[in-house]
Amino acid sequence: MIMKRLLILLFMAAIIAALYFGIRKSSGSSDEAVDQTVSDYEKIEAVKNAIKEVASSSVVTKIAEDQGQWYIFDVGLIYEKDGDFYKKLVEKLGEDFDPQLSNGDRLFMGVLPFRKSWRVYAGNPSNENNMLYPDWNYTGLEKP
């Protein structure tokens, strides 16, 4: 009789513990999603600040011969390119910058050397709906 009650109490304790840890884990996932979103905004801001500074400097004219054309490139590929423009971007972003957002989209930069204009995209840069700066058209994240 005592053994039966002890087993019932242990079984109930196990159910309560499982519920407690299950609820705790599910509430932690929303915190993790918020952390990823904050991390995404930080990455976007870092890319924005880097391209803004480098595009307004004299090294932007060294990117290519045709100064009147937009040059759009994957942020992750700047580490594989040669030239002062790319070296300056690497210097601003750091050697271990991860250009991928939590939703899987990669960050892209665009620069028009003649006007020293710049843009930032997430995902396919040929789609204007993926622009982050100067206009926030991107739907993968809410505008901060």
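In what follows, the accompanying structure is described. (Residues numbered from 1 in each chain as written. Predicted model: local features only at pLDDT ≥ 70, side-chain atom pairs only at ≥ 80, totals over all residues. Heavy atoms only, no water.)

## Quick notes on the pattern of salt bridges
- Scanning the entire structure with this criterion turns up 6 salt bridges.
- The closest approach of N and O atoms between Glu45 and Lys48, which form a salt bridge, is 3.2 Å. Of the two residues, Glu45 and Lys48 both sit in helix 1 (residues 2-55), 3 residues apart, roughly one turn of that helix.
- Judged by relative accessible area, Lys48 falls into the buried class, the value being 16%.
- Put simply, Glu128 and Arg119 hold a salt bridge, and the shortest N to O gap is 4.0 Å.
- Residue Glu128 is classed as partly exposed on the basis of its relative accessible area, which comes to 40%.
- The class for Arg119 is partly exposed, based on a relative accessible area of 23%. (Salt bridge = Lys/Arg side-chain N within 4 Å of Asp/Glu carboxyl O. Helix = DSSP H or I, 4+ residues; strand = E, 2+ residues; numbered from the N terminus. Buried < 20%, exposed > 50% of the residue type's maximum accessible area, 1.4 Å probe, protein only.)

## Describing a nonpolar patch on the surface
- Taken together, Ile8, Phe11, Met12, Ile15 and Leu19 make up a surface patch of nonpolar side chains, about 510 Å² in accessible area.
- Relative to the assigned elements, Ile15 resides in helix 1.
- When its relative accessible area of 40% is taken as the criterion, Ile15 is described as partly exposed. (Patch = residues over 30% accessible without salt bridge, like charges linked within 9 Å, V, L, I, M, F, W, Y side chains within 5 Å. Areas by Shrake-Rupley, 256 points an atom, 1.4 Å probe, with all protein chains shown as cover.)

## A few points about the side chain of Asn130
- Structurally, the position occupied by Asn130 is in the loop between strand 3 (117-122) and strand 4 (131-133).
- Within the structure, Asn130 has its side chain in polar contact with the backbone oxygen of Asn124 (distance 2.9 Å).
- Leave out the neighbours within four places in its chain, and Asn130 touches Val120, Tyr121, Ala122, Gly123, Asn124 and Tyr138. (Polar contact = N/O pair within 3.5 Å; in protein donor to acceptor, adjacent residues only side chain to side chain. Contact = heavy atoms within 4.5 Å.)

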